[in-house]
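Summary of the model geometry
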Amino acid sequence: MTALDDNIAKARTYMAPFRKNGVMNHIAGKSVPAKSGKTFETVSPVDLATLADVARGDASDIDEAAAAAKAAFPDWSKTPGAERRRILIKVAEAIEARAEEIAFTECMDTGQALRFMSKAAIRGAANFRYYAEQAPYAEDGEVTRTPTQMNTTSRRPIGPVGVITPWNTPFMLSTWKIAPALAAGCTVVHKPAEFSPMTAKLLVEIAEEAGLPPGVLNTVNGYGEDAGKRLTEHPDIKAIAFVGESRTGSLIMAQGAATLKRVHFELGGKNPVIIFDDADIDRAVDAATFMIYSLNGERCTSSSRLLVQDTIYDEVTRRVAEVAGKIKVGHPLDPETVVGPLIHPEHEQKVLSYFDKARVEGATIAAGGQKVGDAGCFVAPTLFTGARGDMAIAQEEIFGPVLTAIPFRDEEEALQIANDVPYGLSAYLWTSDLDRAIRMTDALEAGMMWVNSENIRHLPTPFGGTKSSGIGRDGGDWSFDFYMETVNVSFPRAGHRIPRLGG
Ligand code: NAD
């Protein structure tokens, strides 16, 4: 038996409960079907076989979940921070204990390779641990004093919130939103993406087994246009934390307007990796290829535009093409696989459509540029060269293992190309000139930048985008600012004159 056979057998065991029961909704501590009884299928992108039937929640299921979250809010929000910390650390431990099950389920549902997904649960647990540790301090504020007043500022949880997540790395992203919400004292209704709903169900079950009270976290599956929409419109849901496409963010903002919903958006990206000829080229090539070809390129912060100084453009693109050509595309559970199948045939078609666009626009396909095999959603790691900044392949988020290389002359041109997109999520800069690094990072339009470094996430730092890439920041205390209301109470320090009117 190969390691892959072994893993497929294990995955079958992990999938068995889902095959038997389907992916149910989870409301007020109970696994429940959609009220309508309707379901939809989640398919494996490996071979398009049905993995499970999924409860197709709609507005009535969201209403029930919002009622559960509202009922659970008074107790959970009043639970002392130290107790919330204790429970959330138990959740982190329980996630770690089931890391393999989470990883295998995620691989089968999303097509992401095991070599990356094996860390997804660990990272999810780290999100819970980090915010558990902050929970006792979530309400903290500051005291400011004037000669007459003492102002005390503090925070209180905003209420039940909605969390809407995408399909690309669903477990990690869900914990990234849900852990700070729970630590802040909010209760949650979670609407996972319809293409990859399985690990969200594991998360809520694991959290409750670890001691999270029923109703604090509720999960409703369903389509964006009905379940998702109702969540954003629900009057008892005070805020929406959303991760997904920029155009969906616009819809949610409009849908939430009538109830004045607070929104936090983590949206799309078309992130540049900019390599100057004074850079450490070996490290830059490794980082650039890792950031586009890992996680199937289905990653918001992927380095999807390769901007290379013209003096080293041919060498760098040749080396990137070599790497792309050597990457193993295969079954997500094969330990050797780097690129697994894309999430779904619909998304695969979108990615493949850019190969024709590239040809029509006059770019060169220097690596990949085609589907791999007949079955499943496998696409070859691809490099477009000779592109211009105004081409669709340089402007639009492709969200696959597809990199667009563009040459530049100097700093000015690099900046002009880098900033000339609607997005502004992340940017990566490679140069050995410190002054240039400071000039460039001062002018790059991106919420997060990494200089001479891979995308390494440090949880206390702010995460989020500018322009069409998002609104708001996660990480550190920024998450609490979103999930909590800041309140100021002013006390008199001394007798002060109060104007007397009319007398
Ligand atoms: P999507 O916007 O299509 O869907 C995301 C979620 O929104 C799903 O749960 C969907 O059901 C729901 N939804 C759709 N329409 C809705 C509506 N009208 N009202 C309420 N909910 C609705 O995104 P996707 O295709 O699942 O995910 C890929 C996108 O996510 C990419 O653009 C990627 O860049 C982005 N993303 C961003 C980050 C980040 O941190 N910036 C991280 C991961 C993914």
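Residues numbered from 1 in each chain as written. Predicted model: local features only at pLDDT ≥ 70, side-chain atom pairs only at ≥ 80, totals over all residues. Heavy atoms only, no water.

A few words on the site of the ligand. Around the ligand lies a shell of 30 residues, among which K191, E194, T248, L267 and E397 are the nearest. T248 is positioned such that a nitrogen or oxygen atom in its side chain is 2.6 Å from an oxygen atom of the ligand. Note that an oxygen atom of the ligand is positioned 3.0 Å from one of the side-chain N or O atoms of E266. In the complex, 92% of the free accessible area of the ligand, which totals 860 Å², lies under the protein chains. If you list the elements that add at least two residues to the shell around the ligand, you get α9 (224–233), β10 (239–243) and α10 (246–255). Of the residues assigned to the shell around the ligand, the class counts are 15 nonpolar, nine polar and six charged. (Near = heavy atom within 4 Å. Polar contact = N/O pair within 3.5 Å; in protein donor to acceptor, adjacent residues only side chain to side chain. Areas by Shrake-Rupley, 256 points an atom, 1.4 Å probe, with all protein chains shown as cover. Helix = DSSP H or I, 4+ residues; strand = E, 2+ residues; numbered from the N terminus. Nonpolar A, V, L, I, M, F, W, Y, C, P; charged D, E, K, R; others polar.)

Here we take up a negative patch on the surface. The grouping of D277, D310, D410 and E412 at the surface amounts to a negative patch. Relative accessible area serves as the criterion here: at 31%, D410 is assigned to the partly exposed category. (Patch = residues over 30% accessible without salt bridge, like charges linked within 9 Å, V, L, I, M, F, W, Y side chains within 5 Å. Salt bridge = Lys/Arg side-chain N within 4 Å of Asp/Glu carboxyl O. Lys, Arg positive; Asp, Glu negative; His and termini not counted. Charge placed at Lys NZ, Arg CZ, Asp CG, Glu CD. Buried < 20%, exposed > 50% of the residue type's maximum accessible area, 1.4 Å probe, protein only.)

To continue, consider the pattern of salt bridges. Summed over the entire model, instances satisfying the criterion amount to 32 salt bridges. A salt bridge links R262 to E485, with the shortest nitrogen-to-oxygen separation between them at 2.8 Å. With R262 in strand β11 (residues 262–266) and E485 in strand β22 (residues 484–492), this residue pair connects regions lying 223 residues apart in the sequence. The partly exposed category is assigned to R262, whose relative accessible area is 24%. Among the charged side chains, a salt-bridge network with shared partners connects D278, E411, R436 and R439.

Here we take up the sheet that holds strand β6 (residues 149–157). Here we have three strands laid out as an open sheet, ordered β5-β6-β22, and antiparallel in their pairing. Of all strands in the sheet, those bounded by a partner on one side alone are β5 (143–145) and β22. If you compare each strand with its neighbour and ignore which way they point, the axes differ by 20° on average. Taken together, the three bridges between β5 and β6 define a ladder with antiparallel strand orientation. Across the sheet, the residue bridging to V143 is T152, located in β6. (Pairing = 2+ DSSP bridges. Axes fitted to C-alpha atoms, helices over the stretch in contact; angles between N-to-C directions.)

Attention now goes to the packing of helix α4 (residues 99–110) against helix α8 (residues 198–209). Two packed helices can be described by the angle between their axes and the distance between those axes. Direction vectors running N to C along α4 and α8 enclose 155°, while the axes themselves pass 9 Å from each other. By the criterion of interaxial angle, the relationship of α4 to α8 is roughly antiparallel. On α8, the residues touching E101, I102, T105, E106 and D109 of α4 are M198, T199, L202 and I206. Across the contact of α4 with α8, the residue classes tally to four nonpolar, two polar and three charged. (Parallel < 35°, antiparallel > 145°, perpendicular 65-115°, else oblique. Contact = heavy atoms within 4.5 Å.)

Our next topic: the nonpolar core. Residues I95, F128, L182, L212, I275, L306 and V316 are the most contacted members of the largest nonpolar core, which totals 103 residues. The element best represented in this core is helix α7 (residues 170–184), accounting for ten residues. Shared between two domains, this core takes at least three residues from each, and those domains are domain 1 (3–140 + 153–267 + 469–488) and domain 2 (272–451). Each residue touching V316, except ones within four places of it in the same chain, is listed here: I275, I281, V285, L306 and V308. (Core = buried A, V, L, I, M, F, W, Y, C linked by side-chain atoms within 4.5 Å. Domains from an automatic or database assignment.)

Frequently, the measure chosen for interface size is the accessible area that the parts lose on association. Considered domain by domain, the protein is made up of domain 1 (3–140 + 153–267 + 469–488) and domain 2 (272–451). The gap between the C-alpha centroids of domain 1 and domain 2 is 30 Å. Taken together, the contact pairs 31 residues of domain 1 with 32 residues of domain 2. Interface of domain 1 and domain 2: buried area, both sides summed, is about 2,600 Å²; carbon and sulfur atoms make up 68% of it. On inspection of domain 1 and its partner domain 2, the count reaches zero salt bridges. Joining domain 1 to domain 2, the criterion identifies eleven residue pairs in polar contact (both at pLDDT 80 or more). Those elements that provide at least two residues to the side of domain 1 that touches domain 2 are α1 (3–21), α4 and α5 (114–117). Its residues assigned to classes, the side of domain 1 that touches domain 2 comprises 18 nonpolar, nine polar and four charged. (Buried area = accessible area lost by both parts, 1.4 Å probe.)

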